[in-house]
Each structure stands twice: as structure tokens, then as C-alpha cells.
There are 2 protein chains.
Amino acid sequence: MADIKVYLSEKDIPRKWYNIVPDFANKPKPPITPDGKPMTPDMLAPVFPMNLIEQEASQKRWIDIPEEIIEILYRWRPSPLRRACYLEKYLKTPARIYYKDESLSPPGSHKPNTAVAQAWYNKQFGIKKLTTETGAGQWGSALSFACNLVGLECKVYMVRISYDQKPLRKTMMGIWGGECVPSPSDQTVFGRKVLKDTPDTPGSLGIAISEAIEEAVSDKSGKTRYALGSVLNHVMLHQTIIGLEAKKQLKAAGEKTPDVIIGCAGGGSNFAGLSFPFVYEKINGANITIIPTEPTACPTLTKGPFAYDYGDTACMTPLLAMFTLGHGFVPPPIHAGGLRYHGMAPLVSHAVREGLLEPRAFDQIKCYKAALTWARTEGAICAPETSHAVACAIEEAEKAREEGKEKVILMNYSGHGLLDMGGYKKFLDGELIEYRLPASEVSKSLECLKGLPKINN
Amino acid sequence: MADIKVYLSEKDIPRKWYNIVPDFANKPKPPITPDGKPMTPDMLAPVFPMNLIEQEASQKRWIDIPEEIIEILYRWRPSPLRRACYLEKYLKTPARIYYKDESLSPPGSHKPNTAVAQAWYNKQFGIKKLTTETGAGQWGSALSFACNLVGLECKVYMVRISYDQKPLRKTMMGIWGGECVPSPSDQTVFGRKVLKDTPDTPGSLGIAISEAIEEAVSDKSGKTRYALGSVLNHVMLHQTIIGLEAKKQLKAAGEKTPDVIIGCAGGGSNFAGLSFPFVYEKINGANITIIPTEPTACPTLTKGPFAYDYGDTACMTPLLAMFTLGHGFVPPPIHAGGLRYHGMAPLVSHAVREGLLEPRAFDQIKCYKAALTWARTEGAICAPETSHAVACAIEEAEKAREEGKEKVILMNYSGHGLLDMGGYKKFLDGELIEYRLPASEVSKSLECLKGLPKINN
């Protein structure tokens, strides 16, 4: 039998990122301002460096990966492609399940793929410091890691309740030199206002984003910018290295184009990273079922409308054309913190609209069951987010068994769960709650879209 | 430049373990009973299965690794050999530093190499359940993982204070189906006695070992045995797969025999696993400096005498000929829980006596500084135990720079620190304490050796 682990030599690492934008039959809707006008690059200049703003708007299919970024990525890339043969055997499935192991980066997920690129471009642009927000802590850890390697300061506003519940995430960021403060903080005008009005607030991603952007734009020296870990086009772009590597590795393993591709989708970046190079093949005629998986508790793609909405709760971002549950949506407290985002990357949303993707929702109990099956067969403990991909892979493998059909499944193993064991504890103790969002709550949450510009078709 | 990561194809995984015993010029002292008589295999039969007892006493140089064990190990083996080129660059050293990455096993350390083998041999012998103790939780996690894959029940007695401080270790074991109870427990005669006498005791490894052995030997069905994660000969044997892989990988990287080999040593198993195949070369004339590193807080090899002593605090084990601080030794509360053992594997101890090893002690502040340098150059966060190897590798690389001499350093990266971030927190907060054991405390602790049989030379 062939090796379970398919490695790629470092010299075969992809040298270009894949930008899906020029390959869509219909063009994605551009971001706009609240008065319905298209955003211009200069409007974003106080927040992001111009080289990343250019990537955000690029129409080029291939964009060179700078050699210095590749030198940093070699710490864990190319990541292994692995065959889940122990799971296959357990499921008695004729399907061959492959997974791209993104859990091996030092921060433990796919996030550093873009964190390193963003830090590097900011450094090139003369920036000295990056600010960002973090919820569960994955993105804040990844950006701290990246800033340390590139030589930037890093300031992370962490949602207070997570900051208090997971004090070791702050330690992880600190190991890489990142400064992590609970949000709301007394370090910004907005944070002080929130603290004054509601001293006991648990905080929110919306507040943390506002604080991080405020710090970036109010630095008079102009040497501070803000970084976002998902949603935006340039983030999807940087993550395509995952799928580009996977293509080479599948070929090395003697496989053709996979039949099914699966990734969990919160903001959309790990899903897009693996799938977009294969969406390209689908656009060009390949027969692939491509499935972004999401929680039934936050069913953006399966229950939300496609609409213009803000990327953040505080309405500071441009309006993005995306599937959304409304920027005011407060998701139930499921453990997959990275999948609790109200919106979805505009490029992933557009691909759904184009009929290229088939989103599917899973509830968290089914996901933890899948994660347990995974740990007891493959061995590793996956992140709660990743369990949404595992649940779908098992579902597809079982379908293949019932149909008696060979099938190649490719999944993104986006991260490990070693720092998020609290959900497993609840699951093992039988205390986990299943959430399915009722339609009435979705309608209520969508009321915040009233008065915003509509999408013209 | 060659790849930073040197992978070995699965078909090139070693097919035999290396047993160092027949290669020593002088034979190691056998384990004895308290009245000075040699232990016989049948005395150990209630505790271990006979196939492992045979390995414990084996004089054969090479022992076949059963194919079924190899099939399990493929989940993470062969482990990568990595070049620490980012650290080298930072240190401006002419040394080439390689490290064997044992942190990639699902439980996160080298421990599963022997856990899987022990579980498999017990299963072969008809055993249904393994019991063990765990301090920090690494070994309990590894044995739970292994028992799940082989199909055995697993019961772990975890020192109560660690159980309370690290509730997620119990969760980790539970994910793999292991049962973890705080020790002292009410499930054994000995545990109930301790609880009655000292209800508020924090517990100790000694108590936990006693409980685990009691449960194993008192199972009337004879289907329960006990497993130990270090110290014993068969454990060292199973770990030699690390060094045997490293040899092949160094060759693939174009390197000859390394000049310096480093591993941290608590009970001795990760150190022996990497180094023994190279100690063989040293016995046969190679010029290698082989360094087991230990904490100044528990300086077994650097301050302890070579003597017969018990392996556990409760004096239930045979007497082992080893370097020891005395079985009653209570180590200061350093964060490297795996290096707080009072003794040292008899085979490692014997190799020191034979002049083959050069032990070195490091204090924990120096080790955390080294770990921080590692995280900020190589990227990953190492276990507190592993930081004792990292500190030594940095010391040797700096020496090479001062001497202007090329040198190949090989280190065992025994585990990650993602579940042990508390020590990093204290270090970053400036609250870490440095411990150097005064000679007077060593003398006091060694009083418990009085009355035990002496080693005749």
C-alpha cells in the first residue's frame, strides 16, 4: 500500500497564489459604502496597507508568493496530505478519504498562512505595528506568531469573556511577543465608552474590531494598520496554498480530481483555501461536489439571504455582498467559536450563488460524535470547528458505503483541538446542548438589514 | 539548500528495536529483591505479561517489531527529522542542529512509542485491562490512546493535585476511552487508607503507583496488568525507534555521525530512545558527546549516587541499580513534571557509569529562556521537559560559534507544551523561581537508602 502520509518536497511548494475572481462567469458584487457607492482603495488606506488593498481588488488569476514568505512558511509547509485509512476501515467504506493537515502550524491551524503574508506585506509597506481582534484566540495567536517572525509589534483585543475563560491564549500570544488585552479596554475611546456604559459587559467581536481599528487609524505616525483573519478576498487568496499543495499531493498519491471536497466555513478562509483551486476545475467542467459545512446554530449559507451587510457588529466596515444572518446576530454559545460569524466571505458567497458549492449544516452533538470517532480511529483530537468537516466526511463515506461506490473525498483538517478541550469535556459529561436556529429568530435577526442598500440582480 | 524537514518513507520505518544490553563491555546490575537476591521473571508475572518480562531481560541485540504495531505507529511515524535552521541563523552558529520531532504523536510526545507496544503485547497475552499512574498527564494520555487502538480498557490513577489543576488531561484520556481517577482514590485498599489518614493529601506518584499495581494484582480473573511509561529496559527498547529513524534521516540529509546528541532525561526513555543507537556507535569507536539533560532541581545523574533503590516511593518495586536521589525525594515544584523522578533508568545509569554519557543539569529559568528563543525562531512551543534539551542545544551551538567549529548537533524534541502553558505564563509574568538543590538536601534525602543492599563493584 502507498504511504498514509503524502509529503511534498519543499522545492515543490506552490510559488503563486490562486485568485478565483477572474474565473467566475458572473463578476462578484463589489463592496460599497452605506450610501451605495463603490468603495475606493483610498477609503481603505488608513486601515490596510496599499499592497494588500491591491490584492483585495486584483483581477489577476495568479499572484506570486514572495520568496521571503515562502522561507517563513517552510516551518510547517508544505503540510502533509494524509489518507484517513483507519477511519475508512472503521466505516467499512469504499471511499478513499484524504485530509490536508493544517493543524501542524505552530499556532495549530491554517490561520498563519495569511497571518504571515499580511504581516510581511505590512512590513514591506513600512508599517511597525498590527492590531487585530480575536474571539476564541486562534487568529490572535496566529498574528502574534507572524508578527514576531516578520518583526512587527502586535496588539490583540480579545473578547473579555474569552480572555477570562482562556487565560493561556494570552500566554500563547505572549510567547510570540504579542500583547493581548481584554476588550472592551481602557486603551481606546470606544472601549472606555463601552466600559463606562456597561462595566460588566462580556465584550463582543464587534467591540473588539472597533477597538482594533480605532487604534490603527488613530496612530498619528501612520505606522499602524489593522489585520483581519478571514472574510476578505486577500485572505482567501493567501489560503489557496492549501488547495494548490493538495492538488500536487493527490497526483503523487495516484488520484485524479476528488469527487467530494469538504471544509468547515465560518468566515470562509480554510474552506476557500482548500477548495478554490478545485472550484476552478469545476468551472472548467470537472464533476466535483464541494461542500462548505457550518453549524445549525449559525447557518449563514443554509438559512441566510444573500444581501449587502456590514462585516462587523459596530457597522464600521464597508457593506459586503454576502450570505448573512444580519450583523446584529448573536449566535448561541456553541464551542466552535470560529464558526459563529454572522456573515460569509463574499467570494465563498458568490461561489454559492453561482451554483458551485453545496453548503450543509451540522449540529454540534453530531460534530462531537464525529470528532470522537476521528480521535478513536485516526488518533488526533480535532478543533471544534474542524469537527464540522469531519462529520460531513463521515456522512459522505457512509453514503459511499450504502451506494457501494468508490469515491475520493478530500477534507481540510483545519486545526487541532488541544487548546479547546472544554467542549469535549461537556460532550463526554453529556452536558452538550444541540442548537438549531428557528426561522423566526433568523427573520428577527435580519431586521437590521432594513435600510441598507439592496443587491440589484 | 536541502529541505528543512527530512521525512522517511513509511516502508523505511525500522523493523527491529535495538537492545543495548549485549553491547555493554560490563553487564548492567540486575534488579534484586530487598534481601539481595536477583529478581526472577515469575516474581514480576502478576504485574507484567510474560512477553514483556522476556523483553525486560532479553540479551538479544535486535528484537523484531511486530507488523501490527508498525501499522499503528504509521499514524505519526516515521517522525520528521528537522533542521533548526532558523535557530542556527539567530545564534549565528556554524553548528547544524537537527531535531527529531516526537511532538507530532496524537498525545503530543514520545510516550506512545512504548504505550502502543505495551498495550499490544498485553493484548497478545490475553490481558483485558491496563492500569497505570500519571503525574502531569502525558503518560496517562499516551496509554489511554494506545489501549483504545489495541482494544484494552485503561485505568489511570492521576496524582490528585495534578488532576485538580489540569482537568482537561482527564478529558483528553476520556476522548480515547481511558478512565482517569484522582489518587488517592476510594477504589483501592491503599487509597482508602491514605484518604482516611490524610483526607487533604495532594497525592503523589508513589501513592498512584501503589494504587495502580494493587488494582492490577488483585483482579482475580488475572486479566489486568500494570504498565510503566519509563525506567524499565523494555521501555527504553521500544523508544529506540526514534534513534534508528534518525540515523537513516541524517544519512538522507548527507550527514555523518553527529558530534553531539542531546535529550532531556527524567526516567530516561526519550533520551535513551534517541541516543542508544548512537551509544552503540560510540562503544564501537565513534567520537560523540552524548548528553542527558536534567533539572538542577532534580539532579539525579549529576548529584545522586549510583545505588540500589526502589523505583517508587511506596517501596513496592524491585530494587534497581541506578543513579538516585532516594525514593523518598520530594522534588521542588518545577514545571517539567516529567523530569521530577528521583531515579533514572538502570540502562541510562549504567551507560553513565561506563563513561558513555556526559550528564548536564539546567535550571528552569535558563530552560524557559531557551524555550522562548525556540518559539521565536523555530516557531513551536515546546514542553517544559523538552526545554532542558533545547537549552543544552543552544549552549552547544554557542560553543561551536565561539570555537569557530562546524558541528552536527542532534536533539530529541520530545513533546509540545500546548497543554502545559502554565509555566510559560509564570515565566512571562516574571514569577518563575530558580531551584538548585543544595548538597545538604541531597544527603538528607539519601538517608532512605540506609539498610538497602549495596552495589558490589
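A few points on the structure. (Residues numbered from 1 in each chain as written. Chains lettered and ligands numbered in written order. Predicted model: local features only at pLDDT ≥ 70, side-chain atom pairs only at ≥ 80, totals over all residues. Heavy atoms only, no water.)

1. Overview of the pattern of salt bridges
All names here are of chain A.
Next, step 1: Under the counting rule described, the total for this entry stands at 54 salt bridges over all chains.
Next, step 2: Where aspartate 12 meets lysine 11, a salt bridge forms, and the shortest distance between an N and an O atom there is 3.7 Å.
Next, step 3: Glutamate 215 serves as the salt-bridge partner of lysine 155, at 2.9 Å between the closest nitrogen and oxygen. Of the two residues, lysine 155 is situated in strand 7 (residues 153-159) and glutamate 215 in helix 10 (residues 205-217); the sequence distance between them amounts to 60 residues. With respect to burial, lysine 155 and glutamate 215 carry one shared label: buried. (Salt bridge = Lys/Arg side-chain N within 4 Å of Asp/Glu carboxyl O. Helix = DSSP H or I, 4+ residues; strand = E, 2+ residues; numbered from the N terminus. Buried < 20%, exposed > 50% of the residue type's maximum accessible area, 1.4 Å probe, protein only.)

2. Observations regarding the pairing of strand 11 (residues 289-295) of chain B
Successive side chains on a regular strand alternate, one facing one side of the sheet and the next facing the other.
Residue and element names in this part refer to chain B.
Next, step 1: Within strand 11, six of the seven residues are buried, which leaves it mostly tucked inside the rest of the structure.
Next, step 2: The sheet contact formed by strand 10 (residues 260-264) and strand 11 spans five bridges and is parallel. Looking at the pairing, isoleucine 261 lines up with isoleucine 290 of strand 11.
Next, step 3: Note that the unit made of strand 10, helix 13 (residues 269-283) and strand 11 has a crossover that is right-handed.
Next, step 4: Two strands pair when backbone bridges link them, and strand 11 and strand 14 (residues 360-362) are joined in this way by three bridges, in the parallel orientation. Residue pairing in the sheet places glutamate 294 in a bridge with alanine 361 of strand 14. (Pairing = 2+ DSSP bridges. Right-handed = clockwise from strand over helix to strand, strands pointing away.)

3. A short note on the side chain of serine 58 of chain A
Residue and element names in this part refer to chain A.
Next, step 1: The residue serine 58 is located in the loop between helix 2 (50-56) and strand 3 (62-64) in this model.
Next, step 2: With relative accessibility at 13%, the residue serine 58 sits in the buried group.
Next, step 3: Ignoring any residue separated from it by four or fewer positions in sequence, one finds serine 58 in contact with Asn19, Val21 and Ile63. (Contact = heavy atoms within 4.5 Å.)

4. A word on helix 5 (residues 112-124) of chain B
Residue and element names in this part refer to chain B.
Next, step 1: Counted at 1.5 Å a residue, the expected span for helix 5 with its 13 residues is 18 Å, and the 18 Å between its end C-alpha atoms agrees.
Next, step 2: Of all the positions in helix 5, only Pro112, Asn113, Thr114, Ala115, Val116, Ala117, Gln118, Ala119, Trp120, Tyr121 and Asn122 are classed as buried.
Next, step 3: Following helix 5 by one or two positions, glycine 126 has its phi on the positive side, about 90°. (Expected span 1.5 Å × (residues − 1).)

5. Re the interface of chain A and chain B
Next, step 1: At the interface, 45 residues of chain A touch 45 residues of chain B.
Next, step 2: A combined buried area of about 3,700 Å² lies between chain A and chain B, and 60% of that area is made up of carbon and sulfur atoms.
Next, step 3: For the chain A face of the interface with chain B, the top three residues by lost area are Arg75, Ile175 and Arg376 of chain A, together amounting to 19%.
Next, step 4: Taken together, the links from chain A to chain B amount to two salt bridges.
Next, step 5: One salt bridge in this structure joins lysine 5 of chain A and glutamate 10 of chain B, with 3.1 Å as the shortest N-O distance.
Next, step 6: Remark: the boundary between chain A and chain B carries 30 residue pairs in polar contact (both at pLDDT 80 or more). (Buried area = accessible area lost by both parts, 1.4 Å probe. Polar contact = N/O pair within 3.5 Å; in protein donor to acceptor, adjacent residues only side chain to side chain.)

6. Observations concerning the sheet that holds strand 10 of chain B
Next, step 1: One open sheet holds the seven strands; their spatial order is 1-4-5-15-10-11-14 (chain B), and the pairing between them is mixed. The open sheet has two edge strands, strand 1 (5-6) and strand 14 of chain B, and neither has a second partner.

7. Here we look at the sheet that holds strand 6 (residues 129-134) of chain A
Residue and element names in this part refer to chain A.
Next, step 1: Spatially, four strands are ordered 8-7-6-9 in an open sheet, and the strand pairing comes out parallel. With one partner strand each, in any of the chains shown, strand 8 (179-183) and strand 9 (224-226) form the two edges of the open sheet. Neighbour to neighbour, the strand axes of the sheet diverge by 25° on average, direction disregarded.
Next, step 2: Here five bridges tie strand 7 to strand 8, and the two strands are oriented parallel to one another. (Axes fitted to C-alpha atoms, helices over the stretch in contact; angles between N-to-C directions.)

8. Structural notes on the relation of the copies chain A and chain B
Next, step 1: Screw-axis analysis of chain A against chain B gives a translation of 0.0 Å along the axis, an RMSD of 0.0 Å, and a rotation angle of 180°. The symmetry that links the two subunits is that of a two-fold axis.
Next, step 2: Of all interface residues in chain A, 100% are interface residues in chain B too; the two copies therefore contact each other through one and the same surface. (Least-squares fit on C-alpha atoms with pLDDT ≥ 70 in both.)

9. Regarding empty space enclosed by the protein
Next, step 1: Counted by the stated rule, this structure contains four cavities of 30 Å³ or more.
Next, step 2: In this structure, the largest cavity encloses a volume near 770 Å³.
Next, step 3: What lines the largest cavity is a set of 41 residues, and nearest its centre among them are Asp101, Ser103 and Leu104 of chain A together with Ser103 and Leu104 of chain B.
Next, step 4: Only strand 5 (95-101) of chain A together with strand 5 (95-101) of chain B provide two or more residues apiece to the lining of the largest cavity.
Next, step 5: Classifying every residue of the lining of the largest cavity gives 23 nonpolar, eight polar and 10 charged. (1 Å grid on protein atoms, 1.4 Å probe; cavity = no way out; pocket = protein on both sides within 12 Å on 5 of 7 lines; lining within 4 Å. Points joined across faces, edges and corners; volume = space filled by probe spheres on them. Nonpolar A, V, L, I, M, F, W, Y, C, P; charged D, E, K, R; others polar.)

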